[in-house]
Every structure is written in C-alpha cells, then in structure tokens.
Amino acid sequence: MTAQPPPPPLFDRDRLLAWMAGQGIDQITHDHPAVFRVEEGLELKAALPGAHTKNLFLKDKKAQLWLISAQQDTVIDLKGAPKIIGSDRLSFGNEGLMWETLGVRPGSVTALGLINDIDRRVRFVLDRRLWEADIVNFHPLTNTATTALEQAAFRRFLAEIGREPMVTNFSF
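Summary of the structure given here. (Residues numbered from 1 in each chain as written. Predicted model: local features only at pLDDT ≥ 70, side-chain atom pairs only at ≥ 80, totals over all residues. Heavy atoms only, no water.)

What about the overall build of the protein?
A tally of helices and strands in the protein yields 6 helices and 8 strands. If you list the helices and strands of the protein from N to C, you get α-β-α-β-β-α-β-α-β-α-β-β-α-β. Of all 172 residues assigned to the protein, the portion counted as buried reaches 49%. In the protein, the share of contacts with a sequence separation of at least 24, taken over all contacts with a separation of at least 6, comes to 67%. By element, 52% of the accessible surface of the protein is carried by carbon and sulfur atoms, the whole surface being about 9100 Å². (Helix = DSSP H or I, 4+ residues; strand = E, 2+ residues; numbered from the N terminus. Buried < 20%, exposed > 50% of the residue type's maximum accessible area, 1.4 Å probe, protein only. Contact = heavy atoms within 4.5 Å. Areas by Shrake-Rupley, 256 points an atom, 1.4 Å probe, with all protein chains shown as cover.)

A word on the pairing of strand β7 (residues 145–150)
In terms of burial, β7 is a largely internal element, 5 of the 6 residues being buried. The pairing of strand β6 (residues 135–138) with β7 spans 4 bridges and is antiparallel. In the sheet register, Ile135 faces β7, and the bridge partner there is Glu150. Counting the residues between successive antiparallel strands, the hairpin from β6 to β7 contains 6 residues, one of them, Leu141, with a positive phi of roughly 75°. (Pairing = 2+ DSSP bridges.)

Observations concerning the environment of Ala70
Within the secondary structure, Ala70 is located in strand β3 (residues 65–71). Residue classification places Ala70 among the buried residues on the basis of a relative accessible area of 0%. Residues Ala70 and Asp127, 57 residues apart in the sequence, show an inter-C-alpha distance of 4.8 Å. Those residues in contact with Ala70, other than ones at most four positions away along the chain, are His52, Thr53, Lys54, Ile76, Asp127 and Leu130.

A few points about the packing of aromatic side chains
Evaluated as defined, the whole model comprises 3 aromatic pairs. Judged by centre distance (6.3 Å) and plane angle (75°), the rings of Phe11 and Trp19 are edge-to-face. Each member of the pair, Phe11 as well as Trp19, is classed as buried. Ring centres 5.9 Å apart and planes at 85° place the aromatic pair Trp19 and Phe157 in the edge-to-face group. Taken together, the residues Trp19 in helix α1 (residues 13–22) and Phe157 in helix α6 (residues 151–160) connect sequence positions 138 residues apart. Taken together through their ring pairs, the aromatic side chains of Phe11, Trp19 and Phe157 make up a single cluster. If you follow Arg15 out to its NZ or CZ, it ends over the ring of Phe11, 5.4 Å from the centre. A cation over a ring is seen here: Arg105 above Trp99, with NZ or CZ 3.8 Å from the ring centre. (Phe/Tyr/Trp six-rings, centres within 6.5 Å; stacked < 30°, edge-to-face > 60°. Lys NZ or Arg CZ within 6 Å of the ring centre and 35° of its normal.)

Quick look at the nonpolar core
The biggest cluster of nonpolar side chains holds 33 residues, and the ones touching the most others in it are Met20, Phe154 and Phe157. Within the second largest apolar cluster, 11 residues are counted, among which are Leu56, Leu58, Ala81 and Phe170. (Core = buried A, V, L, I, M, F, W, Y, C linked by side-chain atoms within 4.5 Å.)

Some points on the pattern of salt bridges
The full count for this structure, using the stated rule, is 8 salt bridges. In this structure, the salt-bridge partner of Asp117 is Arg163, at a minimum N-O distance of 3.0 Å. Of this pair, Asp117 sits in the loop between α4 (95–102) and β5 (122–127) while Arg163 is found in the loop between α6 and β8 (166–168), placing the two residues 46 residues apart along the sequence. Residue classification places Asp117 among the buried residues on the basis of a relative accessible area of 2%. (Salt bridge = Lys/Arg side-chain N within 4 Å of Asp/Glu carboxyl O.)

Focus: the side chain of Gln151
Structurally, Gln151 can be placed in helix α6. At a separation of 2.8 Å, a polar atom in the side chain of Gln151 contacts the main-chain carbonyl oxygen of Leu130. Beyond its immediate sequence surroundings of up to four residues, Gln151 is in contact with Leu130, Trp131, Glu132, Ala133, Asp134 and Val136. (Polar contact = N/O pair within 3.5 Å; in protein donor to acceptor, adjacent residues only side chain to side chain.)

Examining α6
Each full turn of the α-helix corresponds to 3.6 residues, which orients residues three or four apart in the same direction. Among the residues making up α6, those that are buried are Gln151, Ala153, Phe154, Phe157 and Leu158. One side of α6 carries all its buried residues, which in axial view fall inside an arc of 165°. Facing away from the buried side of α6 by over 90 degrees, the exposed positions are Ala152 and Ala159. Residues of α6 that are buried in the fold lie against α1, β5, α5 (128–131), β6 and β7. Residue Gly162 follows α6 closely and has a positive phi angle near 70°. (Arc of directions from axis to C-beta.)

Right under this line is the structure:
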C-alpha cells in the first residue's frame, strides 16, 4: 500500500487573497519571478515600499513547530533563539511538515501561511521591527508574488485567524 500525499492546504494564493478581500483586509500584491532566498529578491524588493521579511519554519527538540518572521536583514542565531523565544534547541522543519501545517513549499514560507494552520501547531514569533513597521511584505503562499499590508491590515489578518504573535526583539 502506497502512502497517500497530504491533502492540499485549505488556502492557496487565490483563495487567500479572495478571503482577505472578503474580510475587508486591504492589500496590494505584486507578481514577480520566483524568489527562494532573501538575497535573490533584493533588487526586486527595492522597488516595493515597506519592510520585507525573512521567515523561518523551525522545529525544536520536543517537536514543537515555530514560525519566526523578521525583517529581511535581521540576523537570527538559531543557537541563541531558544533563550529568546522559550524553546528547546531549534532546527529547520522539513518540507512535509511545512506543507501539512502552513500549506507552503520551501522558498514560500510566510506568516500568511498561518491561515492554513487550523490546528494551531505552529507558534508564531514576530520580530519587533516588523510589528512596528508601517507596511509589511510577505509572500501570499507562493514565492512568485509579494503581498504588502499596512500594519493595521496585518494585525487585522492575525485577529481574523485568531493568532497573536509572540513579539520579540532579535536586533540588539
């Protein structure tokens, strides 16, 4: 008997953007070539206003899943992060868990993926600089676009999906 692949996520890009529109969450989405790492999209992002993000999907030694979202230039030390966020030793989560919980593939990790985490398996950590930014930019569940949200819209998104981030400071 062959193992069945996990079911598709509840939301993909189109459903996410339609849901946001239905909730009155204003956003602007820009299409662009696929970007897999922060460094690849620097030139592209320079034309888009707001704080651009890096998003790390992590798993700790006790199997707790974590999503850390920070401004793209933030240095996140995986050895020091457990003290900051109150976790056990961290490593990167695998693609299967990423798809199962956030509905994204590597290169597309995003805080907007929390809409697919209906079982609340992923703890969300947000760097203070993003929490205080006027505009934040995330992938809309795919790395071929960037969605810009004013801070009020981003906070409304989080409230609508019932998520409150652990806001912390990775920049000292």
